[in-house]
Protein chains: 2
Amino acid sequence: MTSSAIANALRLPPGPVDLTAIETDAAPGFDGKKTDGKAALYAMGGELADLQERLWAERTIDSERRVLLVLQGMDTSGKGGVLRHTIGLVDPQGVRITSFKAPTDEERSHDFLWRIEKGLPPAGYIGVFDRSHYEDVLIAKVRGFAEPEEIERRYGAINEFEARLVAEGYSIIKCMLHISADEQKARLGERLANPDKHWKYNPGDLDERAFWPKYREAYEVVLERTSTQVAPWHVIPSDKKWYRNLAVAQLLLDTLRGLDLQWPKADFDVAAETSRLAEESPVQ
Amino acid sequence: MTSSAIANALRLPPGPVDLTAIETDAAPGFDGKKTDGKAALYAMGGELADLQERLWAERTIDSERRVLLVLQGMDTSGKGGVLRHTIGLVDPQGVRITSFKAPTDEERSHDFLWRIEKGLPPAGYIGVFDRSHYEDVLIAKVRGFAEPEEIERRYGAINEFEARLVAEGYSIIKCMLHISADEQKARLGERLANPDKHWKYNPGDLDERAFWPKYREAYEVVLERTSTQVAPWHVIPSDKKWYRNLAVAQLLLDTLRGLDLQWPKADFDVAAETSRLAEESPVQ
């Protein structure tokens, strides 16, 4: 498995997590400024697209392999920006984005993983979860939407669920977009100051912000309990948007490289088909 | 409604259609060569992305508007290329691509529009149909999968269906990617000659190709019977890939411009929220 300097710097080591000790405006594993970072991201486009097409091509040989990128983070942390700038580099045909909002009544009547299962990407796809099953141990815990025992049960259920997916052919990339409270304040302020961005603002965002310390604690527990060998978490400093986009792209590239993707071999007689095409009756 | 030179040149006039009279390697409505065409496509990126974001933003005010791009064409005509190069210009978050293959047993047990309804884009999205309900009056007719009376019924059903969608807030862009039989032969030959492209080749493609004249006739009837005021067909000369990508992008851009998309106005008190943010207790 190829592992870049960025991936090595971002992969969460086992043990307790203290998010206040992880800088939000750093650029771990990357020696360079904003322009360098943007250039590095752009330079990945060709290889990302090539590898994605190979993954897509594997559908024709009934491969079960696929990628699942899980994006988590506080409001304004940039999940949408990653979708636009990083996922936007690859062929939209092979991408399946699933956004998870507050669960509907029907979804609430099932186990929390029921709607997650329905949002999983088919084989050959790069699936992206914009929020995910982790909301069920984050907002659900902070806001008390589930009992403590149920929250406790869910950590294990998530680990089993993800282990099963990996055994089935999924590569899972879990990213926590890590911003500071000050950076969120600045971003909310920008939305309020710019009429073109009012649609992105919701007074509820500020209510949620009041729970910042509780969310941080909830994230710390989640990161410790659900960062596993087969599906580790990456905490991505995200105050710098360019670094955030670059880091997610690098994790995606590393993952695709690690799959050693080959073009499927022909399951037909190439010479015979070539003759058939050459000798066909004229078609008008 | 803004209408570009390209759109004006490609919109099908009412009446009988003779596809042999429509050049496949022309570039109607565009004065320029390949490099100019590629530059023109690239130059559209910013405005396309801006307008798409406005459409996406309208979800927050419960707008029902959305775009549906229907891509039809013979094998190798470039539906995948349009997805990559044209749809790839906009935010993947707001795109919903639905590919229609041979119907499953379940799908066949319902009316032909049943699975189409399920593949429609939600409000705010640009939906793309890679093949569509038109297969049910194309391959279904050529290969006799439905009786002639049923095929006849379907033209009317399609027109009613699309009129209903337009009344509900859809903008429909229908594109027939028009290539010559010789161009298809060349493209199939390239796939056979390049091991990296063998996965794209299927011996069935050549069987289907033998029906080329019947497909042309079936397309001509479809184009005449289902090009309506609210959902006209565009026949896009597609031997030149750069022109094909540019033309579809231009049709999409014209459509988005025609919607006169505005950023939604705030439904909250901007001044009050700004004060609330400024005066909040410190968050760590």
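Going along each chain's sequence as written, the residues are numbered from 1 onward. For this description, chains carry letters from A and ligands carry numbers from 1, given in the order in which they are written. At least 70 in pLDDT is required for a residue's local features to be given in this predicted model, at least 80 for side-chain atom pairs to be given and counted, and no such filter applies to totals for whole chains, interfaces and linings, which use all residues. To get the side-chain values, take all heavy atoms of the structure and skip hydrogens and water.

### Quick notes on the overall build of chain A
What counts as a helix is a DSSP run of H or I of at least four residues, what counts as a strand is a run of E of at least two, and both are numbered from the N terminus. Broken down by element type, chain A carries 12 helices and five strands. Reported as C-alpha extents along the three principal axes, the dimensions of chain A are approximately 75 × 45 × 40 Å. Expressed as a percentage of its 284 residues, the buried residues of chain A come to 52%. Residues are treated as being in contact if the distance between any of their heavy atoms lies within 4.5 Å. Looking at chain A alone, contacts between residues at least 24 apart form 82% of all its contacts between residues at least 6 apart. All accessible areas in this document rest on Shrake-Rupley with a 1.4 Å probe, and a residue is counted as covered only by the protein chains that are shown. For chain A, the accessible area works out to roughly 12700 Å², and carbon and sulfur atoms hold 50% of it. Taking the 37 positively charged and 46 negatively charged side chains of chain A as two groups, their mean positions are separated by 5 Å. Accessible area is worked out with a 1.4 Å probe on protein chains only. A residue is then buried under 20% of its type maximum, exposed over 50%, and partly exposed in between. None of His or the chain ends enter the tally, which takes Lys and Arg as positive and Asp and Glu as negative. A charged residue contributes its charge at one atom only: NZ of Lys, CZ of Arg, CG of Asp or CD of Glu.

### Comments concerning the interface of chain A and chain B
Contacts between the two partners involve 45 residues from chain A and, on the opposite side, 45 residues from chain B. Two parts placed together each lose some accessible area; with a 1.4 Å probe, that loss summed over both constitutes the buried area. Across the chain A/chain B interface, buried area totals approximately 4200 Å², and carbon plus sulfur atoms make up 63% of it. Ranking the residues of chain A by area buried against chain B places P92(A), W199(A) and L277(A) at the top, with a combined share of 17%. A carboxyl oxygen of Asp or Glu within 4 Å of a side-chain nitrogen of Lys or Arg is what we treat as a salt bridge. Between the two partners, chain A and chain B, sit 10 salt bridges. Polar contacts, as used here, are pairs of N or O atoms within 3.5 Å; protein pairs need one atom able to donate a hydrogen and one able to accept it. Residues neighboring in sequence count only if both atoms are side-chain atoms. Taken together, chain A and chain B are joined by 12 residue pairs in polar contact (both at pLDDT 80 or more). Those elements giving two or more residues to the side of chain A that touches chain B turn out to be α2 (34-57), α3 (79-85), α8 (181-193), α9 (203-209), α10 (212-226) and α12 (270-279) of chain A. Counting residues per element, the side of chain A that touches chain B draws most heavily on α12(A), which supplies six residues.

### Thoughts on the relation of the copies chain A and chain B
Superposition of the copies was done by least squares, using only C-alpha atoms of residues whose pLDDT is at least 70 in both. With an RMSD of 0.0 Å, the operation that places chain A on chain B is a rotation of 180 degrees combined with a shift of 0.0 Å along the axis. Accordingly, the operation relating the two chain copies is best matched by a two-fold axis. Using C-alpha coordinates, one finds that chain A approaches the rotation axis most closely at P92(A), a distance of 3.1 Å. Both copies share a contact surface, since 100% of the interface residues of chain A are interface residues in chain B too.

### With respect to the sheet that holds strand β1 (residues 66-73) of chain B
All names here are of chain B. For two strands to be treated as a pair, DSSP must find at least two bridges joining them. Here five strands make up an open sheet; going across it, the order is β2-β3-β1-β4-β5 and the pairing parallel. Looking at strand neighbours, the two that pair on one side only are β2 (95-99) and β5 (233-237), the edges of this open sheet. Ignoring which end each strand starts from, the neighbouring axes of this sheet average 20 degrees apart. Note on definitions: angles span 0 to 180 degrees between N-to-C directions of axes, and those axes are lines fitted to C-alpha atoms, for helices only across the stretch in contact.

### Some points on the pairing of β1(B)
Residue and element names in this part refer to chain B. Here β1 lies mainly inside the structure; eight of its eight residues are buried. Because side chains alternate across β1, one face comprises the buried residues R66, L68, V70 and Q72, and the other comprises V67, L69, L71 and G73, equally buried. As paired strands, β1 and strand β4 (residues 170-178) are joined by eight bridges and run parallel to one another. Paired with G73 across the two strands is L177, which belongs to β4. Pairing of β1 with strand β3 (residues 126-130) involves five bridges; the strand directions are parallel. The residue bridging V67 from the neighbouring strand is I126, located in β3.

### Looking at unusual backbone geometry
Residue and element names in this part refer to chain A. Even without being a glycine, R131 presents a positive backbone phi close to 65 degrees. Structurally, R131 is set in the loop between β3 (126-130) and α6 (139-142). A positive phi is found at D260, a non-glycine position, where the angle reads about 50 degrees. If you trace the backbone, D260 turns up in the loop between α11 (241-258) and α12. According to the relative accessible area criterion, D260 is exposed, its value standing at 53%.

### Some words on the pattern of salt bridges
All names here are of chain A. Under the counting rule described, the total for this entry stands at 46 salt bridges over all chains. A salt bridge links R131 to D75, with the nearest nitrogen and oxygen atoms 2.8 Å apart. Here D75 lies in the loop between β1 (66-73) and α3 and R131 lies in the loop between β3 and α6, a separation of 56 residues in the sequence. Across the pair R164 and E117 runs a salt bridge whose closest N-O atoms are separated by 3.0 Å. Placement of R164 in helix α7 (residues 148-168) and of E117 in helix α5 (residues 114-118) is noted, with a sequence separation of 47 residues between them. What makes R164 partly exposed here is its relative accessible area of 34%. Note on E117: relative accessible area 34%, which makes it partly exposed. Sharing partners across several salt bridges, the network here consists of D111, E150, R153 and R154.

### Quick notes on the sheet that holds strand β4 (residues 170-178) of chain A
All names here are of chain A. As summarised here, the arrangement of the five strands in space is β2-β3-β1-β4-β5, forming an open sheet in which the pairing is parallel. Lying at the two open borders of the sheet, with one neighbouring strand each, are β2 (95-99) and β5 (233-237). Averaged over all neighbouring strand pairs, the angle between strand axes comes to 20 degrees, with direction disregarded. In this sheet, β5 lies alongside β4 in parallel orientation, the contact comprising five bridges. Opposite K174, over in β5, you have W233 as the bridge partner.

### Observations concerning the layout of surface pockets
All names here are of chain A. In this analysis, the protein atoms alone were mapped onto a 1 Å grid. Cavities are point sets where a 1.4 Å probe fits without being able to get out; pockets are open sets with protein on both sides within 12 Å along at least five of seven lines; lining residues have an atom within 4 Å of a point. Grid points are joined across faces, edges and corners, and a volume is the space filled by probe spheres set on the points. There is about 540 Å³ of room inside the second largest pocket. Lining the second largest pocket are 28 residues, and of these R11, I172, Q229, V230 and P232 sit closest to its centre. Where the lining of the second largest pocket is concerned, the elements lending two or more residues are β4, α10 and α11. In the lining of the second largest pocket, the residues fall into 15 nonpolar, nine polar and four charged. Amino acids outside the nonpolar list (Ala, Val, Leu, Ile, Met, Phe, Trp, Tyr, Cys, Pro) and the charged list (Asp, Glu, Lys, Arg) are all regarded as polar, and Gly is one of them.

### A few points about the UniProt feature "domain: Polyphosphate kinase-2-related" (unreviewed entry) in chain A
Within this structure's numbering, the places UniProt gives as "domain: Polyphosphate kinase-2-related" (unreviewed entry) are residues 34-257 of chain A. Note that residues 34-257 of chain A is 52% helix and 14% strand, and that its end C-alpha atoms are spaced 25 Å apart. UniProt positions are given in the numbering used here, feature names are shortened, and annotations may be inferred rather than shown by experiment.

### Some details on the packing of α2(A) against α11(A)
All names here are of chain A. Taken N-terminus to C-terminus, the directions of α2 and α11 make an angle of 30 degrees; their axes are 9 Å apart at the nearest point. Considering the angle they form, α2 stands roughly parallel to α11. Here the hand of the crossing between α2 and α11 comes out left-handed. Of the residues in α11, those touching α2 at K34, G37, K38, A40, L41, M44, E47, L48, L51, Q52 and L55 are W242, N245, L246, A249, Q250, L252, L253, L256 and R257. For the contact of α2 with α11, the residue count by class is 12 nonpolar, four polar and four charged. Just so you know how the angles are binned, under 35 degrees is roughly parallel, over 145 roughly antiparallel, 65 to 115 roughly perpendicular, and the rest oblique. For any pair of crossing helices, the crossing counts as left-handed if the nearer helix is rotated counterclockwise from the farther one by less than a right angle, and right-handed if it is rotated clockwise.

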